[in-house]
Amino acid sequence: MRIKRALALCAAAILLPAASDPPPALAPYFHQGRFDPGDFGWMRGRFPDAGPAEVQAYAAIEAWMSRCYEEGVARTREELASMGIMQADLSETGPRDLQCGAVMMANSVQTRSAATWADFQRDLQEARPVASSFLLALRLTERGTSLRHGATLEEQLLVRVVGEQVLRKAANWGQGELADAPRLSSGARSVLDAYFMVAGFEHDRANTGWLKAQVDRGGWPTIAQAGTAGSNAAWLLVQHADADPAFQLRALRLMTPLVASGEVNKRNYAYLYDRIMLKISGKQRYATQVTCKDGRRVAQPLEDEARVPALRAEMGLEPFADYLKLFANWDGC
């Protein structure tokens, strides 16, 4: 998900008193604890034509987001320290708090194409009906896949990934499987992305909480317990639990002995290892995490570059050169 702008305001945040309830300007946008960006009126103070009271209200919202984000980072550091990890790069870690995290996702909306509040409102009017219809359809789909009493662990896991996968695919609006989606202006598309990011964040948080409870009860879901598809679904959920690196590390440690016995997919393990170890040590082992450098895709820092071909083969991964071809049609590099 695109969280860089949402996190940027936190980078220079100072430690303030503990984050509490959302500022008053946000109260109308919470319904039974769930955040709905609505008309984005809470963001009015971001625009140059805003009045002093609106600017002040938005500044309070930004301070609240920064505060609760930093508190989440501190909590994560404490959890990692209890697991023996004293240093970790948490600059890309998502917010822990459900309320401020949802607001941060909405606040990441790009407004460069909207010079005034009226411009932004036109973008919003274009995007909002599309977002509402899409999210309603997703909710109906999820309700239609509700589980019968006594559903197997595999069935529970497979249902869990439906919503988060749909929302991730929605990031490719107008391309690939969504090539026939309604065309939107660049400004409206940014608003649409913000709605999807809020929904995606809420799905990931709910899935992480559910999976943690499942692991507490029965350990990591193995292939014997959840089937191949269910085991893959469990990995997908923890792979997307980026707001909770300590849980990702716990899952990795639980999976480690299961790789040798064939109870965990080796490829899945490699992807999770790289994802969490980049945060903890700054280096990955299997070159599954790539970045853009000088106009081309390259591996992020490696433990031992010379051993990558053998390590990838050992985990059933394709050669790195072939892996990079999968990114050929991605934008931004």
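Quantities reported herein were computed from a predicted structural model and do not represent experimental measurements.

*Asks:* Could you clarify how one ought to interpret the nonpolar core in this entry?
*Replies:* For soluble globular proteins, the rule of thumb is that nonpolar side chains tend to be buried together. Core analysis: the biggest nonpolar cluster contains 89 residues, and Phe35, Phe40, Trp42, Leu211 and Trp220 have the highest contact counts within it. Residue assignment for this core shows that the elements contributing at least two residues are helix H2 (52-82), helix H3 (98-107), helix H4 (117-144), helix H5 (153-169), helix H6 (186-218), helix H7 (223-239), helix H8 (245-260) and helix H9 (266-280). The leading source of residues in this core is H6, at 13 residues. Every residue in contact with leucine 211, bar those within four places of it in the chain, is listed here: Leu157, Trp220, Pro221, Ala234, Leu237, Val238 and Phe247.

*Asks:* How should the packing of aromatic side chains be read in this particular structure?
*Replies:* Note on aromatic pairs: each is described by the distance of the centres and the angle between the planes. With the rule as written, the count across this model stands at 17 aromatic pairs. Judged by centre distance (5.2 Å) and plane angle (50°), the rings of phenylalanine 30 and phenylalanine 35 are tilted. Classification of phenylalanine 30 as buried rests on a relative accessible area of 15%. On the basis of relative accessible area, phenylalanine 35 is assigned to the buried category, the value being 5%. Relative to tyrosine 323, the ring of phenylalanine 320 lies with its centre 6.3 Å away and its plane at 45°, an arrangement referred to as tilted. Placement of both phenylalanine 320 and tyrosine 323 in helix H11 (residues 320-325) is noted, with a separation of 3 residues, approximately one turn of the helix. Here the aromatic cluster, defined as three or more aromatic residues joined through ring pairs, consists of Phe30, Phe35, Phe40, Trp42, Phe47, Trp117, Phe120 and Tyr195. Positioned over the ring face of tyrosine 323 is arginine 312, at 4.8 Å from the centre of the ring.

*Asks:* Just to check I follow, could you spell out the pairing of strand E4 (residues 296-299) for this structure?
*Replies:* Note: strand E3 (residues 290-293) against E4, 4 bridges, orientation antiparallel. Along E4, the bridge assignment pairs cysteine 292 with arginine 297. Taking the residues that link successive antiparallel strands as the turn, the E3-E4 hairpin has 2 residues, and the phi of aspartate 294 there is positive, at about 55°.

*Asks:* Can you help me understand the state of the cysteines in this one?
*Replies:* Tallied over the full model, the rule gives 1 disulfide. Each sulfur in the disulfide pair cysteine 68 and cysteine 100 lies 2.1 Å from the other. The sign of the S-S torsion, about 135°, decides the handedness of the disulfide formed by cysteine 68 and cysteine 100: right-handed. Taken together, the residues span a long stretch of sequence, with cysteine 68 in helix H2 and cysteine 100 in helix H3 at a distance of 32 residues. Residue classification places cysteine 68 among the buried positions, given a relative accessible area of 5%.

*Asks:* What is the right way to look at the confidence of the model for the protein chain in this model?
*Replies:* Parts of the prediction with low pLDDT should not have their coordinates interpreted in detail. Taken over all residues, the pLDDT of the protein chain has a mean of 91, while the share at 70 or more is 93%. Mean pLDDT across the elements of the protein chain ranges from a minimum in helix H1 (residues 4-11), with 40, to a maximum in helix H10 (residues 308-314), with 98. Counting contacts from residues 1-18, a segment whose pLDDT is below 50, to residues more than four positions away or on other chains yields 46 contacts.

*Asks:* Looking at this model, I keep getting lost on the packing of H5 against H7. Mind explaining?
*Replies:* Helix packing for two helices is described by the angle between their axes and how far apart those axes are. Between H5 and H7, the shortest axis-to-axis distance is 8 Å and the interhelical angle comes to 35°. The handedness of the crossing between H5 and H7 is left-handed. Between H5 and H7, the residues in contact are Leu153, Glu154, Leu157, Leu158, Arg160, Val161, Glu164 and Gln165 and Gln225, Ala226, Gly227, Ala229, Gly230, Ala233, Ala234, Leu236 and Leu237, respectively. For the contact of H5 with H7, the residue count by class is 10 nonpolar, 4 polar and 3 charged.

*Asks:* Would you mind showing me how to read H2 here?
*Replies:* The α-helix winds at 3.6 residues per turn, so residues separated by three or four positions along the chain end up facing the same way. Over its 31 residues, H2 runs 45 Å from end to end, which matches the ideal 45 Å to within 8%, given 1.5 Å per residue. Looking at the residues trailing H2, positive phi occurs at glycine 84, about 90°.

*Asks:* When you look at the side chain of aspartate 204 in this model, what are you seeing that I'm missing?
*Replies:* Locating aspartate 204 in the fold gives a position in helix H6. Judged by its relative accessible area of 9%, aspartate 204 is buried. One polar contact links aspartate 204 to arginine 168, side chain to side chain, over a distance of 2.8 Å.

*Asks:* Looking at this structure, how should I read the pattern of salt bridges?
*Replies:* Any two side chains of opposite charge can pair, given that their charged atoms come close. Taken as a whole, this structure holds 19 salt bridges when the rule is applied. In this structure, glutamate 318 engages arginine 312 in a salt bridge whose closest nitrogen and oxygen atoms are separated by 3.3 Å. Residue arginine 312 is classed as buried on the basis of its relative accessible area, which comes to 1%. Overlapping salt bridges bring together Arg75, Glu79, Arg96, Lys212 and Asp244 as one network.

Thresholds, definitions, all that
- Residues numbered from 1 in each chain as written.
- Predicted model: local features only at pLDDT ≥ 70, side-chain atom pairs only at ≥ 80, totals over all residues.
- Heavy atoms only, no water.
- Core = buried A, V, L, I, M, F, W, Y, C linked by side-chain atoms within 4.5 Å.
- Buried < 20%, exposed > 50% of the residue type's maximum accessible area, 1.4 Å probe, protein only.
- Helix = DSSP H or I, 4+ residues; strand = E, 2+ residues; numbered from the N terminus.
- Contact = heavy atoms within 4.5 Å.
- Phe/Tyr/Trp six-rings, centres within 6.5 Å; stacked < 30°, edge-to-face > 60°.
- Lys NZ or Arg CZ within 6 Å of the ring centre and 35° of its normal.
- Pairing = 2+ DSSP bridges.
- Disulfide = S-S within 2.5 Å.
- pLDDT = per-residue confidence, 0-100.
- Axes fitted to C-alpha atoms, helices over the stretch in contact; angles between N-to-C directions.
- Left-handed = near helix turned anticlockwise from the far one by under 90°.
- Nonpolar A, V, L, I, M, F, W, Y, C, P; charged D, E, K, R; others polar.
- Expected span 1.5 Å × (residues − 1).
- Polar contact = N/O pair within 3.5 Å; in protein donor to acceptor, adjacent residues only side chain to side chain.
- Salt bridge = Lys/Arg side-chain N within 4 Å of Asp/Glu carboxyl O.

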